[in-house]
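# A look at the structure
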Amino acid sequence: MGAWVAALLSLCSLLHGRVAAQMSLEDCCTNGQGHGVDKQECASLPLISESTNCRIAQEQCCMAALEDTSCTQGINMAKDEGDCKSLLSGSSCETKTARMCCECCLLGRALQDQKLSCHLGLPVSHQCGQVSHACCLDGAPQNLNNTPPATDTEKKQDDESDEQCRAAGKCSQRCLGNGTCGCLKGYKLKPDGHSCEDINECLLGSYNCRAGERCINTVGSYRCQRVVSCGTGYELTESNICKDVDECETGTHNCGPELECQNTQGSFRCRPRVRCGSGFIQDALGSCIDINECLSQTAPCPSGQLCINTVGSYTCQRNTVNCGRGYHLNEDGTRCVDVDECQGPDAACGGHGCINQLGSYRCECRAGYAFNSISRSCDDINECRHYPGRLCAHKCENTVGSFQCSCTPGFKLASDGRNCDDVNECESSPCSQECANVYGSYQCYCRRGYQLSDVDGVVCEDIDECALPTGGHICSYRCHNTPGSFHCTCPELGYSLAPNGRNCQDIDECVTGTHSCSVTESCFNIQGGFRCLSFECPTNYRRSGEARCERLPCGQSSECLALPVRITHYYLTFPTNIPVPTTIFRMGPSNAVPGDDVQLAVVSGNEEGYFSAQRLSSGGAITIQRPITEPRDFLLFVEMKLRRYGTFSTFLAKISVFVTHDLSGVLVSPASF
């Protein structure tokens, strides 16, 4: 199939190449005209030939068709509207052509209205002269001189004069009686007064084509051609009618040698050459296939006869009565009747109950037995196997002629002998503490603080809550196990057990008054204790608050100006092992000014490098950079230097840091912050 298609495509390509090579200039022009009329453009002309001349003819005829269309539009506008105002604004070639034809047609109409000769005596273009002449003649009376019709004698004389005139070669078509030349219908006289040229009715709009047809100019006339093609299987005739193409006659069908072509409207059919006889049907390939009349027809044979299919026909055969097992012929031999095996002498059921059925029989045994047709005895029925899960709730055991039900441990047989009731094992107190009966068993459970033993699942053992993986989180300080429970304790000094019994609550000695600070000292609470604080302002400073010293006026002393402007005391406390890094202190000017330069440094108390100073956008911060694992106290001297407007100022912060024990879960008093 693939080779046949390839050969067909090659043949089509060869035929197309020959047609393209033989295409005439008239065909190229016709193609260009059709493209210009249909598409109204000539920029995308199809390539129909490799010939350069064909391409030129195609382009020029397409442009001529566009020009004819534009000119016809201008002529129609002059005839319908009487002016050309709507064409004044356009600048394209089509608009200019339509405007020229419209204005030239108005000139011809003016000649007609003034009853002048239709030959425009102005030096205009040839096309403008044609349009003006046609518009002048359009609608003008046939006899402009109002002369009476010529008699037969005058016509004879005119004909003789025409022959003499043509013989002399004066006029190309007609010689008029007054010595002038004339033209046949479809022609007009050229400016030389002797020759005639074809009138383009399509250009002048003097054609009479129907809707869906386009005008094609011919020599001396025109013809109308359908715009829409006829479609596959049809061709357009000269009379503009779609005619069926007889593919069988033209040889354009694809019927095989064993098939013959039959033409249809718009197409064709391939029919087999060989005809099948009666009793056969022909398939698509022309093969004759036997018809099974016994299946395709309804009751082809009379009643009582059997239809037998044969090749090309069928036969009817009388039915023969054959009775099956369990039946025999009646006395007339016309039909089959049932045999009553239970009444026979053979004792079909061997002494058991016998029940006759149509075409057979069955034996009935006592309940719990089934008849074995081979041994002709009643065998025990295994009800547990035949009806699994339907007789007993739990377990089924077969017995001779019956069955017996039993229950799994944790159940007892019910009064109906089939179902099982749950046994309440808790009534015998099998558990050491608590017992819960469940369906088919029981479950021991323990009171709070105890758990079941992994050995027997019955005895309850004490749970050591303090030894559990989460025991370290039960109590914030220390956990003490007790039978069935536990209790928490706190350090002896500085803490008390919280109401929840698990957390240690810090005792604020400064609030309760249990501290030992003097009158001149202030009490500062920390986790698990307190500190007594006091400070004195150095020389050249005065105390300006509870924790601040201000520098006295210096005058012009450079040594005094180098001292810090302000000394401030701060007190911080936090537990050990806090995350690193953590910012614990920030310092900066209270009011920032653009251009401030702030430098922060730990000048004392950081010999072991636990702290570091970091610069921020508006000051600085003190950060812990090493883990502090043991409780201890620090006194940090943090110096801030501020350069503002070219003047340096120094500020000193004395920070007392108290690191305490880390008691997870400790409740901290608000006074310690």
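Residues take numbers from 1 onward in each chain, read along the sequence in its written order. Where local features are concerned, this predicted model is filtered to residues with pLDDT of at least 70; where side-chain atom pairs are given and counted, the filter is 80 or more; whole-chain, interface and lining totals use all residues. Each side-chain value is derived from all of the structure's non-hydrogen atoms; neither hydrogens nor water enter the calculation.

## Things to note about the overall build of the protein chain
On a plain count of helices and strands, the protein chain comes out with twelve helices and 43 strands. The proportion of buried residues among the 673 residues of the protein chain is 29%. Contacts are assigned to residue pairs with any non-hydrogen atoms lying within 4.5 Å of each other. Put simply, of all contacts in the protein chain between residues at least 6 apart along the chain, 34% involve residues at least 24 apart. Computed with the Shrake-Rupley method and a 1.4 Å probe, the accessible areas treat only the protein chains shown as cover for residues. Approximately 43,300 Å² of the protein chain is accessible, and the part contributed by carbon and sulfur atoms is 51%. Strands are runs of DSSP state E lasting at least 2 residues, helices are runs of H or I lasting at least 4, and numbering of each runs from the N terminus. Exposure is judged per residue with a 1.4 Å probe applied to protein chains only, and the accessible area is read against the type maximum: over 50% gives exposed, under 20% gives buried, and values in between give partly exposed.

## Remarks on the sheet that holds strand β41 (residues 619–624)
Between any two strands, pairing holds if DSSP finds at least two bridges. Strand order in the open sheet made by the three strands is β38-β41-β40, with antiparallel pairing throughout. In this open sheet, the two edge strands, each paired with only one partner strand, are β38 (582–587) and β40 (611–616). Taking each pair of neighbouring strands and ignoring which way they run, the sheet shows an average axis angle of 30°. Where β40 lies against β41, six bridges are found, and the strand directions are antiparallel. Opposite A613, over in β41, you have I622 as the bridge partner. Note on geometry: axes are lines fitted to C-alpha atoms, helical ones only across the stretch in contact, with angles between N-to-C directions running from 0 to 180 degrees.

## Structural notes on the pairing of β41
The element β41 is largely enclosed, with a buried count of six among its six residues. Of the two faces of β41, both are covered, the one formed by G619, A621 and T623 as well as the one formed by G620, I622 and I624. As consecutive antiparallel partners, β40 and β41 are separated by two residues.

## Observations concerning the pattern of salt bridges
For salt bridges, the criterion is a side-chain nitrogen of Lys or Arg within 4 Å of an Asp or Glu carboxyl oxygen. For the structure on display, the rule yields nine salt bridges. Across the pair D597 and R615 runs a salt bridge whose closest N-O atoms are separated by 2.7 Å. Remark: R615 occurs in strand β40 and D597 occurs in strand β39 (residues 597–604); sequence separation between them is 18 residues. The class for D597 is buried, based on a relative accessible area of 16%. Here R615 falls in the exposed class, since its relative accessible area comes to 58%. Residue R643 is joined to D597 by a salt bridge in which the shortest nitrogen-to-oxygen separation is 3.7 Å. Taken together, the residues span a long stretch of sequence, with R643 in strand β42 (residues 632–644) and D597 in strand β39 at a distance of 46 residues. According to the relative accessible area criterion, R643 is partly exposed, its value standing at 32%.

## Regarding the sheet that holds β39
Taken in spatial order, the six strands make up an open sheet running β35-β36-β37-β43-β42-β39, and their pairing is mixed. One side of each edge strand has no neighbouring strand; the edge strands of this open sheet are β35 (541–543) and β39. Strand-to-strand twist in this sheet, taken as the mean axis angle between neighbours without regard to direction, amounts to 25°. With 13 bridges connecting them, β42 and strand β43 (residues 647–660) associate as antiparallel partners. Across the sheet, residue R644 finds its bridge partner in β43, namely T647.

## Considerations on a nonpolar patch on the surface
Patch membership needs two things, relative accessible area over 30% and no salt bridge, and members are linked within 9 Å if like-charged or within 5 Å if nonpolar (Val, Leu, Ile, Met, Phe, Trp, Tyr). Judged by side-chain polarity, L107, L122 and V124 come together as a nonpolar surface patch covering roughly 230 Å² of accessible area. Inspection of the secondary structure assignment puts V124 in the loop between α4 (93–113) and α5 (126–137).

## With respect to the state of the cysteines
The term disulfide is used for any two cysteine sulfur atoms that are within 2.5 Å. Applying the stated criterion across every chain yields a total of 31 disulfides. Across the disulfide, C248 is cross-linked to C261 (sulfur-sulfur distance 1.8 Å). One quick way to see it: the torsion about the S-S bond of C248 and C261 is about -70°, and its sign makes the bridge left-handed. A residue pair is termed long-range when its members are at least 10 positions apart, and C248 in helix α8 (residues 247–250) and C261 in strand β9 (residues 259–264) qualify at 13 residues. Look at C248 and you get partly exposed, because its relative accessible area is 25%.

## Observations concerning the environment of T623
Among the secondary structure elements, T623 is positioned in strand β41. Taking the C-alpha atoms as reference points, T623 and R586, 37 residues apart in sequence, are found 9.1 Å from one another.

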